[in-house]
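# An overview of the molecular structure
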Amino acid sequence: MKGFNRFLSAYKSILSVIGSVFFITFCACVLIQIIARNLLPSAPSWTEEAARYTFIYMCAFGCGIAMLKDEFVYVEFLRDKLEEKGLHKLNTVIRFVITIAMIVLSLFILFKAEPSFVFMKFRMVSTAMQIPMQYIYFSQILMFGMLSFSGILRIIMMIRDWNKTPEEIRRERELEEKGEVK
């Protein structure tokens, strides 16, 4: 499991770094847009488009991390009630089923819907920046691919942690966030 944990840590780091680069670029585009609208006679038209596209890619990389950290939005009061009643295993089974459903849905979208949408036969470019839209639409392939892959890794993590108590899992996550990986 040490190799898996190292791979998981490297994978999270790569997604975090790439997502952070897109976040910084997004912030820079918005900042340029705000300054230009307030201080210049006319604002550059490319900033809004660049901000939109960097936001899309930021979300594409962020969803993989959200899946690994189990940070997608869900009915938290149900989880809390189950944990309160000592039904940790039932809660784990529910999260397991939800994760499998997300993987199946992501793979379905990835293989059935996206290829024809992303790899269009005709050339289409963005309005202001003249970027081929295939590069923008490719973010969807990345997102659903990373979501599927991260979901599979999440399933492995859930199986690995099956016999651990919620306190042990919470303690390990805190150590991992501090950089003290076991």
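To be clear, the structure that these remarks concern was listed above.
Small disclaimer: the values here were computed from a predicted structure and weren't measured.

### Overview of the overall build of the protein chain
Regarding its fold elements, the protein chain presents six helices and zero strands. Ordering the α and β elements of the protein chain from the N terminus gives α-α-α-α-α-α. The C-alpha atoms of the protein chain give a radius of gyration of 20 Å, which is well past the 16 Å a tight globule of 182 residues would have. The principal-axis extent of the C-alpha atoms belonging to the protein chain is close to 60 × 40 × 35 Å. Within the protein chain, buried positions represent 34% of all 182 residues. For the protein chain, restricting intrachain contacts to residue pairs at least 6 apart in sequence, the fraction spanning at least 24 positions comes to 70%. Summed over all atoms, the accessible surface of the protein chain reaches about 11600 Å², with 68% contributed by carbon and sulfur. Of the charged side chains in the protein chain, 22 are positive and 17 negative; the average position of the first set lies 5 Å away from that of the second.

### Some words on the nonpolar core
Counting residues in each nonpolar core, the largest one holds eleven residues, listed as F4, L8, Y11, L15, Y57, F61, I65, L68, M146, L153 and M157. Listing elements by their share of this core, those giving two or more residues are α1 (2-39), α2 (46-68) and α5 (133-160). Core analysis: the second largest hydrophobic core is formed by seven residues, C63, I109, F144 and L147 among them.

### Considerations on the packing of α1 against α2
Where α1 meets α2, the axes come as close as 8 Å, and the angle between the chain directions of the two elements is 155 degrees. It follows that α1 is roughly antiparallel to α2 by the angle criterion. Judged by the twist between their axes, the crossing of α1 over α2 is left-handed.

### Observations concerning a nonpolar patch on the surface
There is a patch of nonpolar side chains on the surface, built from L31, I35, L39 and L40 and spanning about 410 Å² of accessible area. Here I35 lies in helix α1.

### Things to note about the side chain of R154
With respect to the helices and strands, R154 occurs in helix α5. In this structure R154 touches M67, L68, D70, T99 and R173, once residues within four positions along its chain are discounted.

What counts, and where the lines are drawn
- Residues numbered from 1 in each chain as written.
- Predicted model: local features only at pLDDT ≥ 70, side-chain atom pairs only at ≥ 80, totals over all residues.
- Heavy atoms only, no water.
- Helix = DSSP H or I, 4+ residues; strand = E, 2+ residues; numbered from the N terminus.
- Rg over C-alpha atoms; globule rule 2.2 N^0.38 Å.
- Buried < 20%, exposed > 50% of the residue type's maximum accessible area, 1.4 Å probe, protein only.
- Contact = heavy atoms within 4.5 Å.
- Areas by Shrake-Rupley, 256 points an atom, 1.4 Å probe, with all protein chains shown as cover.
- Lys, Arg positive; Asp, Glu negative; His and termini not counted.
- Charge placed at Lys NZ, Arg CZ, Asp CG, Glu CD.
- Core = buried A, V, L, I, M, F, W, Y, C linked by side-chain atoms within 4.5 Å.
- Axes fitted to C-alpha atoms, helices over the stretch in contact; angles between N-to-C directions.
- Parallel < 35°, antiparallel > 145°, perpendicular 65-115°, else oblique.
- Left-handed = near helix turned anticlockwise from the far one by under 90°.
- Patch = residues over 30% accessible without salt bridge, like charges linked within 9 Å, V, L, I, M, F, W, Y side chains within 5 Å.
- Salt bridge = Lys/Arg side-chain N within 4 Å of Asp/Glu carboxyl O.

Spatial relationships are all this shows, so hold off on functional conclusions.
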